Amino acid sequence: MVHRAPSWFQRSPHWTKKGLCGLLTIIATSTAPLYAEEKGLSKAILPDHTLDVAYYTPSGCTPRALLIVFASKDRDYRAFRDESIPLAQQSCSIIIAPYFSIHIYPPSAYQRGGFPEDPTQPSATRLVVPLEQWAQRFTNETALPIILIGHSAGAQFLNRVAAYTTGHERGIILMNPGSTVEPKLRTAMPYGFAGPWSASDASTALKSYLARPVTFLLGSNDTKPAPFSDDAQTEIEEEGANRLQRGINTYNAAALKAHKLQTPFGWHIAIVPGIGHNDALMLGSPILERTVEALINRGSSQ
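Residues numbered from 1 in each chain as written. Predicted model: local features only at pLDDT ≥ 70, side-chain atom pairs only at ≥ 80, totals over all residues. Heavy atoms only, no water.

**So, the packing of helix 7 (residues 199–211) against helix 9 (residues 243–261)**
- Relative to each other, helix 7 and helix 9 sit at 120°, their axes nearing to 10 Å. Between helix 7 and helix 9, the angle falls in the class oblique. Here helix 7 runs over helix 9; the crossing is left-handed. Contacts between helix 7 and helix 9 involve Leu206, Lys207 and Leu210 on the former and, on the latter, Ala254, Lys257, Ala258 and Leu261. (Axes fitted to C-alpha atoms, helices over the stretch in contact; angles between N-to-C directions. Helix = DSSP H or I, 4+ residues; strand = E, 2+ residues; numbered from the N terminus. Parallel < 35°, antiparallel > 145°, perpendicular 65-115°, else oblique. Left-handed = near helix turned anticlockwise from the far one by under 90°. Contact = heavy atoms within 4.5 Å.)

Here is the structure:
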């Protein structure tokens, strides 16, 4: 990614020697250069894997965060990048949108993360930390906070990231997920923590999940029953009758579980009024803007 001089500097036609020297001194001593707007496509070369990505950098401000956004079930990562541009401009953040092809990552591998994990085919969630590291190198911004944002299928994927992997993201925002990972040791993966690990490891993973900086953003009108295309219908219906109920139920169950276990609880929840299952409207909501702003500011106040 090329970091260009501010456009006002490029357009200035005349400078005296004294004035130019003074300007160059200001630029040279600045530790926070302004970026020029940039929008494009690239390839994230990760260990043993390559992902296509779309990116966007806003203009006229110093970047404050890396927002890695995960598309819904249609996997249209370029459209999802474009729908995130107002958020990037509002928060002065860089957008990275990875492409998880439905041919390589069907619902079992994307929405449900590939869990229980096949030892011969590691979960796609294992790509998230290398993707974050690539994004830091690509943007030359190794110190910016990282915030993960997904809608619908992308939120289901990030829910598995939060539950079954470790990371150092500033926040993981789940918008209208169709299914969730419940804080239950007896419910099988990818809907709980019963899986191919010991009871002690499962308990440790559950506590780590409860401590992650997870935020549920749920549309108040996302109340239509969603069709299911596989054998997951029973497990998902047990979470609630619709996406709004499932998100609320999982959040409440997690808060209660953290209280019972006397373990740190890092979750938040917000209901976005008047919006149903619509990624563009959710990405453009003031509540999402405030959530991202709060996450960015959380680091500066610590």
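**Let's talk about the environment of His277**
- With respect to the secondary-structure elements, His277 resides in the loop between strand 8 (268–272) and helix 10 (279–283).
- On the basis of relative accessibility, which here comes to 34%, the residue His277 falls in the partly exposed class.
- Residues His277 and Gly219, 58 residues apart in the sequence, show an inter-C-alpha distance of 6.8 Å.
- Once you skip the residues sitting within four places of it in the chain, His277 turns out to touch His151, Ser152, Asn176, Asp222 and Arg243.
- Polar contacts involving the side chain of His277 include one to the side chain of Ser152, which spans 2.8 Å.
- Within polar-contact distance, the side chain of His277 engages the side chain of Arg243 at 3.4 Å. (Buried < 20%, exposed > 50% of the residue type's maximum accessible area, 1.4 Å probe, protein only. Polar contact = N/O pair within 3.5 Å; in protein donor to acceptor, adjacent residues only side chain to side chain.)

**Structural notes on the packing of aromatic side chains**
- Evaluated as defined, the whole model comprises 18 aromatic pairs.
- Between Trp134 and Phe138 the ring centres are 4.7 Å apart and the planes differ by 10°, which places this aromatic pair in the stacked class. One end of the pair is Trp134 and the other is Phe138, both in helix 5 (residues 128–139) and 4 residues apart, which spans about a single turn.
- For Phe138, a relative accessible area of 16% translates into the label buried. (Phe/Tyr/Trp six-rings, centres within 6.5 Å; stacked < 30°, edge-to-face > 60°.)

**Looking at helix 5**
- For helix 5, with 12 residues, the first-to-last C-alpha span of 16 Å sits near the 16 Å given by 1.5 Å per residue.
- The buried count for helix 5 comes to 9 of 12 residues, which makes it a mostly enclosed element.
- Once helix 5 ends, the next one or two residues include Asn140, with phi positive near 60°. (Expected span 1.5 Å × (residues − 1).)

**Here we look at helix 9**
- Taking 1.5 Å per residue, 19 residues should reach 27 Å; helix 9 reaches 27 Å between its end C-alpha atoms and fits that length.
- Every buried residue belonging to helix 9 is among Arg243, Leu244, Arg246, Gly247, Thr250, Tyr251, Ala254 and Ala258, and all of these are buried.
- Residue Asn242 occupies the N-cap position of helix 9, its side-chain oxygen lying 3.2 Å from the main-chain nitrogen of Leu244.
- Downstream of helix 9 by one or two residues, Gln262 has phi in the positive range, about 55°.

**Focus: the pairing of strand 2 (residues 49–57)**
- Pairing geometry for strand 1 (residues 38–46) and strand 2, over 9 bridges, is antiparallel. Its bridge partner lying in strand 2, Leu46 is registered against His49.
- Where strand 1 folds back onto strand 2 in an antiparallel hairpin, the turn is made up of 2 residues, including Asp48, whose phi is positive at roughly 65°. (Pairing = 2+ DSSP bridges.)

**Observations concerning the sheet that holds strand 5 (residues 146–151)**
- Strands sit in the order 1-2-4-3-5-6-7-8 across an open sheet of 8 strands; the sheet is mixed. At either end of the open sheet lies a strand with only one pairing partner, and these are strand 1 and strand 8. Averaged over all adjacent pairs, the angle separating strand axes in this sheet is 20°, with direction ignored.
- As judged from the 4 bridges shared by strand 6 (residues 171–175) and strand 7 (residues 214–219), these two strands associate in the parallel manner. Directly across from Ile173, in strand 7, lies its bridge partner Thr215.
- Across the sheet, helix 5 is in contact with strand 1, strand 2, strand 3 (65–70), strand 4 (93–98) and strand 5; its angle to strand 1 comes to roughly 130°.

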